[in-house]
Amino acid sequence: MKAYAIDRYQGPLRAADVPEPVVGDDDVLVRVEAAGLNVLDEKIRSGEFKQIVPYDLPQVLGHDVAGTVLQVGAAVRGFSVGDEVYSRPRKDRIGTFAERISIPQDDVALRPRSFTATEAASLPLVALTAWQALVERGGLQSGQKVLVHAGSGGVGTIALQLAKHLGAVVATTASGSNADFVRDLGADTVVDHRTQDFQALLSGYDLVLDGVGGDTLTKSLRVLRPGGKVIGLTGPPDPAFAREAGLNPLLRLAIAGLSAKVRRQAAKLGVSYEFLFMHASGEQLRTITRLVDDGVLRPVVGRTFPFDQAPQALESLQRGGTRGKTVLTFPTP
């Protein structure tokens, strides 16, 4: 079976012949019709996340999939051969840059009826991230103020729509050329990250969703009201993440050190910082499906590449500048 994998960290994404997936009793075998690319794929390739999500190499990359069910395990309920589904497989079962993938049934949902496989494949990781950040972790309520950084990106395009649906007052950072685009997605206030300082313009926010990190994270702490929260997607990871991930005591100590500075800064300001590494959830994806089919959320696909150009597609993520998601499309069988 053809796939695209890395055989060393910081090495290139290469075509590879890999064994057919094993289908366990609780698994669903999916023929891949489209696979979304994410910044996480590049962070794994580069080795940036190897302490957080270590893999035995070679490893097929890919965290988003839309396709058709080819086979179901003996214990699978709710899915049948021929169903059109989508998923973000759990971290130890990734590998959607392949012709077929076996996925635990709990990570799978029927995909939205109102969009194509390509559009559906753009959604799982970013939509789950937005839901878990704004609803599960952030508890965002109607009338509260939320700042979503990088509003024209993969997570940002969905988070803006979801925040507006929840009734929040929404601000975002984006380039000036994307201002109208992010306003159309739900932003009430747009700060041009190239020419304006969001810290000088915004204050009293209840929640910040930060997928940028660095100075942006530090500044974000200062736009919060007392008791507000920054949820970081790019790190640094915090002790709660280390505990939930079941990391060994030495790694837990190291990770606590990585986030110690930002957590101290947050405490001095009377606010808090949390790291979010999203988790797979078919149940939450079913909620996403309803929101998409009801017209609340719409996928944003900025670029597509054919499957045999997966390396070029991953390289395009490093250059940035794409609105929404980049998606690999597979030949029709």
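Residue numbers restart at each chain and count upward from 1, following the sequence in its written direction. Per-residue local features are limited, in this predicted model, to residues with pLDDT of at least 70; the limit for side-chain atom pairs, both in listing and counting, is 80 or more; totals at the level of whole chains, interfaces and linings are taken over all residues. Values shown for side chains rest on all heavy atoms present in the structure; no hydrogens or waters enter the calculation.

Asks: For the layout of surface pockets, give the residues involved together with the corresponding values.
Replies: Cavities and pockets were defined on a 1 Å grid built over protein atoms only: a cavity is a set of grid points that admits a 1.4 Å probe from which the probe cannot escape, a pocket is an open set flanked by protein on both sides within 12 Å along at least five of seven lines, and lining residues are those with an atom within 4 Å of any such point. Grid points are joined across faces, edges and corners, and a volume is the space filled by probe spheres set on the points. Considering only enclosed or pocket space, the largest pocket measures out at about 1,400 Å³ in volume. Contributing to the lining of the largest pocket are 49 residues, with Val39, Ala150, Gly153, Gly154 and Gly211 lying nearest its centre. A run of DSSP states H or I qualifies as a helix once it reaches four residues; a run of E qualifies as a strand once it reaches two. Both are numbered from the N-terminal end. Elements with a minimum of two residues in the lining of the largest pocket: α1 (39-46), α3 (124-137), α4 (154-165), β10 (169-174), α7 (215-221), α11 (310-319) and β16 (325-329). Polarity classes work like this: nonpolar for Ala, Val, Leu, Ile, Met, Phe, Trp, Tyr, Cys and Pro, charged for Asp, Glu, Lys and Arg, and polar for all others, with Gly in that last group. Per-class residue counts for the lining of the largest pocket are 18 nonpolar, 22 polar and 9 charged. Taken as a whole, the second largest pocket spans an internal volume of roughly 390 Å³. If you trace the second largest pocket, you find 21 residues lining it, with Pro21, Val60, Ile94, Gly95 and Ile101 closest to the centre.

Asks: Account for the side chain of His149, with residues named and values stated.
Replies: Structurally, His149 can be placed in the loop between β9 (145-148) and α4. Here, residues are in contact when the closest pair of their heavy atoms is within 4.5 Å. When neighbours within four sequence positions are excluded, His149 is seen to be in contact with Thr172, Thr173, Phe198, Val208, Leu209, Asp210, Val212, Thr216 and Ser220.

Asks: An account of unusual backbone geometry is requested, with residue identities and associated values reported.
Replies: Here Leu57 and Pro58 are connected by a cis peptide whose omega angle stands at 5°. For Gln10, which is not glycine, the phi dihedral falls at a positive 75°. Looking at where Gln10 falls in the secondary structure, it is placed in the loop between β1 (2-6) and β2 (14-17). Burial here depends on accessible area, computed with a 1.4 Å probe over protein chains only, as a share of the maximum for the residue type. Under 20% is buried, over 50% is exposed, and the range in between is partly exposed. Judged by relative accessible area, which is 60%, Gln10 ranks as exposed. With phi around 55°, Ala150 is a residue other than glycine that occupies positive phi space.

Asks: I'd like to hear about the nonpolar core, residue by residue, with values.
Replies: As used in this record, nonpolar core signifies buried Ala, Val, Leu, Ile, Met, Phe, Trp, Tyr and Cys residues forming a set joined through side-chain atoms within 4.5 Å. Counting residues in hydrophobic clusters, the biggest one holds 107 residues, and the most contacted among them are Phe97, Leu134, Val146 and Leu328. With 8 residues, α3 is the largest single contributor of residues to this core. When residues no more than four places from it in sequence are discounted, the contact partners of Val146 are Leu134, Leu140, Ala163, Ala168, Val169, Val170, Ala171, Tyr205 and Leu207.

Asks: Tell me about the pattern of salt bridges, residues and numbers included.
Replies: Take a side-chain nitrogen of Lys or Arg and a carboxyl oxygen of Asp or Glu: if they are within 4 Å of each other, that pair is a salt bridge. Enumeration according to the criterion identifies 18 salt bridges in this entry. Note that Arg225 is salt-bridged to Asp206, the shortest N-O span being 2.4 Å. Here Arg225 is found in strand β13 (residues 224-232), whereas its partner Asp206 is found in strand β12 (residues 205-210), with 19 residues between them in sequence. Under the relative-accessibility criterion, Arg225 is labelled partly exposed at 31%. Asp206 gets classed as buried once you look at its relative accessible area, which sits at 14%. One continuous salt-bridge network, built from bridges that share partners, spans Arg31, Glu33, Glu84 and Arg111.

Asks: Just give me the short version of α3, but keep the residues and values in it.
Replies: The element α3 is largely enclosed, with a buried count of 11 among its 14 residues. Of all the residues in α3, the buried ones are Pro124, Leu125, Val126, Ala127, Leu128, Thr129, Ala130, Trp131, Gln132, Ala133 and Leu134.

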